[in-house]
Structures are given as C-alpha cells and as structure tokens.
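A structural walkthrough
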Amino acid sequence: MWQIIGAGAIGCLWAANLLRNGEKIQLITRTPCAADTLKYQNIAKQQFNFPVSTSRTLTRTTDPILICVKATQVIEAITTHKNAIDPRQVIILMHNGMGCAEQVEKLLPDNPILCATTANASLLHSPLNIEQTGEGVTYLGAYNDKGRLQQSLIVPLNFALPNTHWCEDVNEKLWLKLIINMAINPLTAIHQIKNGQLDNTIFQIKINELIDEALQVAKAEGVIFKKQEILAIINQVITLTAENFSSMNRDVFYQRHTENEFIAGYLLKSANFHHIDTPVINYLYQQIKALEQAY
Ligand code: KPL
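Just so you know, these numbers come straight off a predicted model, no measurement behind them.

**Some points on unusual backbone geometry**
For Gln255, which is not a glycine, the phi torsion comes out positive at approximately 55°. One can find Gln255 in the loop between helix H8 (247–253) and helix H9 (264–273). Positive phi values are uncommon outside glycine, yet His275 reaches one of about 55°. The topology assignment puts His275 in the loop between H9 and helix H10 (279–293). For His275, a relative accessible area of 74% gives the class exposed.

Next comes the structure, spelled out in structure tokens:
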C-alpha cells in the first residue's frame with residue numbers, strides 16, 4: 001500500500017492515477033477528512049470517482065511513502081509521523097524548491113530517500129476533488145546511496161502517470177526546476193500577475209539578470225546549464241502556463257507561508273557559501289519576506 005502524505009493537488013493526482021491502476025492507497029492528511037471518494041477529472045476531461053482511504057496517522061508498513069506537501073511542511077510531516085516510519089521504507093520527496101532532503105536525511109538516516117520533480121499540473125477544487133490541468137515529465141532519482149537501489153519504483157509510477165523517468169542525476173533536474181521557479185514565482189507573487197504576463201519586456205530583463213546569477217550559483221555547485229537553453233525553457237513554461245497563477249502568487253494572495261526559503265533562500269545560502277554576488281535574487285527574496293511579514 002502506497003501512503004501519500006499530503007492530499008493537495010499533486011498528492012491527489014498521484015493517488016488518483018495509482019488507484020486507477022489498482023494500487024492500494026492511503027492518503028495521510030493533517031486535518032480530519034470527511035470525504036471517502038476521490039473525484040478526478042483527467043486531462044481528456046473524463047471524470048472518475050475512486051473510493052479512497054484517508055487517515056491522520058501513518059499505518060506501519062514497509063511500503064513507500066510519497067511526500068507531496070510543500071517544502072515548508074516536509075519536516076513537520078516527517079516529525080509527526082517519524083515513529084511509524086520503518087527504516088526500510090522508501091521516502092519520496094516531491095515538492096518545489098531544494099534543501100529539504102538534507103534535513104530529512106538527518107531525521108531518517110537509515111531510510112532510502114528519493115527526490116522527484118514533476119511538470120504535471122493539477123488543481124484542487126475542494127478536498128479530494130481535483131482536475132489535471134497539465135501533462136508533463138516527472139523525474140525520480142536517488143538522494144542517498146540506499147535510494148539508488150529503488151529504481152524499480154519507476155514501474156508503478158510510470159504506469160500511473162506516463163512520462164515518469166528514473167534519473168541517475170536527479171540533482172540536475174531539481175536545479176532546473178529550482179531555476180524555473182526562481183524566474184517565475186517571486187515576480188508573479190510580488191506583482192500579483194499570471195505567469196503569461198512575464199513575457200513583458202520589463203520582466204524579461206529581470207529574468208535575464210536573475211538567470212545570470214542563478215547559473216553562476218548552479219555552476220559553483222557543479223551543475224552547468226547553457227543560458228540560452230534555460231531562457232528558452234523558462235519562456236516555454238511561461239507560455240504553456242500563461243493563464244495560471246504560480247504557486248507563490250497564490251500563497252501571497254491567500255496570505256500563506258511561501259516556499260521562498262526553499263527557492264530564493266536556497267540559492268542565497270549557496271551563493272553566500274561560494275562568495276557569489278546575487279543582488280537580484282536577494283532583492284526578490286527580501287520582497288517576498290516582507291510580504292509574508294506583513295500578513
Ligand atoms: O512550479 C510552478 C509553480 O507555480 O510553483 C510553475 C508553474 C512551474 C511556475 O513556476
């Protein structure tokens with residue numbers, strides 16, 4: 001039985017697609033959940049209702065745990081359920097931003113840990129009621145040595161959501177997503193605009209500057225990207241998600257805690273360590289922090 005911590009848009013998307021293939025699922029929620037049916041509309045607009053079990057506590061098994069809460073909630077989730085986690089259980093982390101896996105490894109030093117990044121998009125209309133709004137690639141790879149032996153998990157995951165791949169160097173994919181989030185999320189949150197509005201020249205100039213900074217940091221960490229390729233990918237995401245609000249935009253709008261520390265904050269810590277000057281990233285980081293403090 002797969003246990004998925006976090007019944008948000010992405011947790012429910014994996015739950016629905018694993019259930020569709022006959023996998024057993026338990027969704028772990030922070031607050032009690034009255035619903036016992038997962039309503040799912042796929043990208044082809046077909047509707048499904050899956051009976052699903054939810055619980056506030058983790059059941060003791062040795063099966064994998066997929067953690068789909070936001071980066072800001074990962075450590076709290078692990079701490080809450082730590083006593084029910086078996087050291088043989090594979091922990092899969094799937095969220096925006098970086099910096100959580102290091103902390104998870106300290107809490108669960110014996111567990112295989114995998115990191116994942118997905119470009120599948122989904123919208124949570126109400127508890128346990130989701131619509132898939134975008135199809136994309138998912139990469140999964142090992143964070144620690146024990147994780148390297150878990151490649152077989154790709155089979156049920158790829159069967160659930162096609163275009164899911166095992167990646168020998170998932171770190172590079174995580175960095176790519178981090179840079180995409182750095183380019184899109186703070187600007188759309190500060191200016192309260194949709195992703196598509198970033199095609200405006202004023203924002204394109206800012207994106208260009210912050211990509212220069214982010215790529216220097218990535219390079220110092222041993223991850224090398226070509227600037228023109230990264231800019232093309234970012235602008236493709238901007239076009240494909242033109243009508244969407246980024247997750248950080250919505251967090252600021254609803255006055256929720258954002259993933260700032262795990263996106264800009266992570267880049268700044270690394271920049272500081274490598275003595276790299278990153279004024280644009282720092283400015284955006286401070287702006288988001290100020291918005292959060294004003295809630
Ligand atoms: O991941 C995203 C988010 O909104 O958090 C995208 C859509 C890629 C924008 O950064």
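From this point, the discussion proceeds with the structure in view.
**Considerations on the site of the ligand**
Neighbouring the ligand are Asn96, Lys177, Asn181, Ile184, Asn185, Val237, Ser246 and Ser247. A distance of 3.0 Å is found between an oxygen atom of the ligand and a side-chain nitrogen or oxygen belonging to Asn181. Side-chain polar atom of Ser247 to an oxygen atom of the ligand: 2.5 Å apart, as the coordinates give it. For the ligand, whose free accessible area comes to 280 Å², the fraction covered by protein is 82%. The leading source of residues in the shell around the ligand is helix H5 (residues 170–190), at 4 residues. Its residues placed into classes, the shell around the ligand shows 2 nonpolar, 5 polar and 1 charged.

**Looking at the pattern of salt bridges**
Oppositely charged side chains can pair when the atoms bearing their charge come close. Considering all chains together, one arrives at 9 salt bridges under this definition. As a salt-bridge pair, Glu76 and Arg30 come within 3.6 Å of each other at their nearest N and O atoms. Here Glu76 is found in helix H2 (residues 74–81), whereas its partner Arg30 is found in the loop between strand S2 (25–28) and strand S3 (37–41), with 46 residues between them in sequence. On the basis of relative accessibility, which here comes to 55%, the residue Arg30 falls in the exposed class. Via salt bridges that share partners, Lys70, Asp251 and Arg256 belong to a single interconnected network.

How each quantity is defined
Residues numbered from 1 in each chain as written. Predicted model: local features only at pLDDT ≥ 70, side-chain atom pairs only at ≥ 80, totals over all residues. Heavy atoms only, no water. Helix = DSSP H or I, 4+ residues; strand = E, 2+ residues; numbered from the N terminus. Buried < 20%, exposed > 50% of the residue type's maximum accessible area, 1.4 Å probe, protein only. Near = heavy atom within 4 Å. Polar contact = N/O pair within 3.5 Å; in protein donor to acceptor, adjacent residues only side chain to side chain. Areas by Shrake-Rupley, 256 points an atom, 1.4 Å probe, with all protein chains shown as cover. Nonpolar A, V, L, I, M, F, W, Y, C, P; charged D, E, K, R; others polar. Salt bridge = Lys/Arg side-chain N within 4 Å of Asp/Glu carboxyl O.

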